[in-house]
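Notes for the structure review
The lines below spell out each chain.
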Amino acid sequence: MSAVYKKHLAYALLGATLMTSIAASGILLKPDRFVQDILFQNARVSSSDIIVIGIDENALAELGPYNTWDRNVMASALEALASDPDKRPAVVAIDTLYAGETTPEADAHLAAAAEELGCVVTATVAQFGTTHTFTDEGIVSDYYSILGYEEPYEALRDVTVQGHINAMEDTDGIMRHALLYVDPEGTGNPDDRVYSMAFTAARTYLEQNGEAVEYPETNARGHFYVPLSALPGGFYDGINIAKLISGEVPPDYYAGKIVLIGPYASGLQDSYLTPIDRAKPMYGVEFQANVIQSIIDHDFKTEMSDLPQLITLFVISFGAMMLFLDNRVGRGGVIFVLLTALSLLVSYFIYQSGKVTHPLWLPVSVFALYIVTVLIHYFRAAAARQKVYNTFERYVAPSVVKEILREGTDSLSLGGKLCDIAVLFVDVRGFTTMSERLEPERVVYILNKILTTTSSCIEKNGGTLDKFVGDATMAFWGAPLPQEDSVYLAARTALDIVNGCEEVSKQLKDEIGEEFHVGVGVHYGPAVVGNIGSERRMDYTAIGDTVNTSARLEANAPGGTVYISRIVADKLGSLAKTTSLGSTVKLKGKADGFEVLILESLEEKEHD
């Protein structure tokens, strides 16, 4: 297992652990619910078997303010629903609380109307709060205790079925859940539970139609997730209680159906924000209708446990980060988009199968890990660029280094590659003899002058400075990046070195009475170029017969002369003025017939 792979494993493990911990902490709860609402809660065709009769603004305008109504108004509404014995509703649910007694006549009227109609569900309300109990183990607090419970007055309670109308918003103020039951006595006995008005009405309707009744799965407090089917206003046809009482509503409209009667005016303060439309409130009676439709359609959604989702999140996050680290940023972006789309699609299909998941966990995790890997790639690329710069700045001109960085490090094969290069060697004639008779300080001074001249000529012409060996210098063109004019640049450098060293020689003669001359050799051909050496010490250099031939051309060149090979002369063509020495110069290791030429001059080459 390579060091890079081990590092990737460590990064992926750390990233997956961190993102799983963030998801488990609940930090993503609000945005996750927002995505749930968008992805899962969509309006569909509402049931025509559920009728809402509203206490709306028009009814209040006709019948007067709600606080002036007595119970005769609701009694009249129930009597209207019972007017045709053959076309009565299957069940009527009144989404208002009639607790306590008022005037005996109105109370009796409402109870009698409810008894006559039959199958009427009336409202109860539980008040929740916190209680503290002292035990041997300390104080036990219950933050969900029933402190009070209101139900219809006795006469109405005895002739109707009760269902609670408690509404429970989530912590973000959105009502996604319904409370299936309350336990007013606190016994914990299922027989003592009072079910919600919506469930009671739906159960009555299903039993009348001979259909099975299913109980939604709830959490420990009796809450269950509601898949809403209609937008605000989706169940309301504009039929209000005033129209019902006046006889404007034909019995066929509500016959055999579930009728909900409840507040439908903003002033009555019975509206909530729901996940299906966060901008427009939904009246409580409409929310009841949505719950009823869910129950009669047996459309229940269960919120999946966090643990399997966290395990899945960890595994996928780990794999995603490994993919991001092993691929380029662009390809990683494609992987990120595909994973995000796939995760949302899977969450949607899981929801359709009855499970509510956390759809935002995986996209957020994958996005965060992708951004982290982008930064890792960036810093890794920056480090690689710096490494390239550190490697080549000692050898090549700054312009070449910039070109390497522009092309990218993938254009390099630092382990060694075979390529065609032009190689130049230059050496000072008689330097060894000179150094033996001069003081060391003067020798170093002269050598620095010479090497400065040769290296500046090489750099000016875009060459790669391979090495200094005593008073000798080696350089090449065509690596690390290909150069179209490699032979011309090498030849130009050779002449520049000869001319430059002649100038330096004149200066030294005037300063210290010493002069020198250099010989230069240039050859072109294939060579192995790359970082060669050991892990602790390596040089970027070129090796091969081309290098050896160039060195032997230089070794035979008299002071102030540039020797080139026939292949170099052919590459230069008419730009170069040369004098052929034929095969009179014998190069070590070369067979007879190897032609050597003197480079006399070189015309300036026009560049685009």
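Residues numbered from 1 in each chain as written. Predicted model: local features only at pLDDT ≥ 70, side-chain atom pairs only at ≥ 80, totals over all residues. Heavy atoms only, no water.

Focus on the pattern of salt bridges
A full pass over the atoms with the stated rule returns 21 salt bridges. Linking Asp170 and Arg176 is a salt bridge whose minimum nitrogen-to-oxygen distance equals 2.9 Å. Residues Asp170 and Arg176 agree in their burial class; the two are buried. Of the charged contacts in the structure, one is a salt bridge between Asp496 and Arg492, with a shortest N-O distance of 3.9 Å. Of the two residues, Asp496 and Arg492 both sit in helix H16 (residues 486–512), 4 residues apart, roughly one turn of that helix. Here the two residues Asp496 and Arg492 agree in accessibility, since each one is buried. Connected through salt bridges with shared partners, the residues Asp37, Asp170, Asp172, Arg176 and Arg278 form a single ionic network. (Salt bridge = Lys/Arg side-chain N within 4 Å of Asp/Glu carboxyl O. Buried < 20%, exposed > 50% of the residue type's maximum accessible area, 1.4 Å probe, protein only. Helix = DSSP H or I, 4+ residues; strand = E, 2+ residues; numbered from the N terminus.)

Digging into the packing of aromatic side chains
Applying the stated rule across the entire model yields 15 aromatic pairs. Taking 5.8 Å as the distance between ring centres and 75 degrees as the angle between the ring planes, the aromatic pair formed by Tyr348 and Phe349 counts as edge-to-face. For Tyr348, a relative accessible area of 31% translates into the label partly exposed. Take Phe349: its relative accessible area is 52%, and that puts it in the exposed class. Taken together, the ring pairs in this structure connect Tyr181, Tyr195, Phe199 and Tyr215 into an aromatic cluster. In this structure, Lys301 is placed above the aromatic ring of Tyr351, and the distance from its NZ or CZ to the ring centre is 4.7 Å. (Phe/Tyr/Trp six-rings, centres within 6.5 Å; stacked < 30°, edge-to-face > 60°. Lys NZ or Arg CZ within 6 Å of the ring centre and 35° of its normal.)

A look at a nonpolar patch on the surface
Taken together, the side chains of Phe367, Ile371, Leu375, Tyr378 and Phe379 define a hydrophobic patch exposed on the protein surface, amounting to about 540 Å² of accessible area. You can see Ile371 is positioned in helix H12 (residues 361–392). Of the residues examined, Ile371 reaches a relative accessible area of 35% and is grouped as partly exposed. (Patch = residues over 30% accessible without salt bridge, like charges linked within 9 Å, V, L, I, M, F, W, Y side chains within 5 Å. Areas by Shrake-Rupley, 256 points an atom, 1.4 Å probe, with all protein chains shown as cover.)

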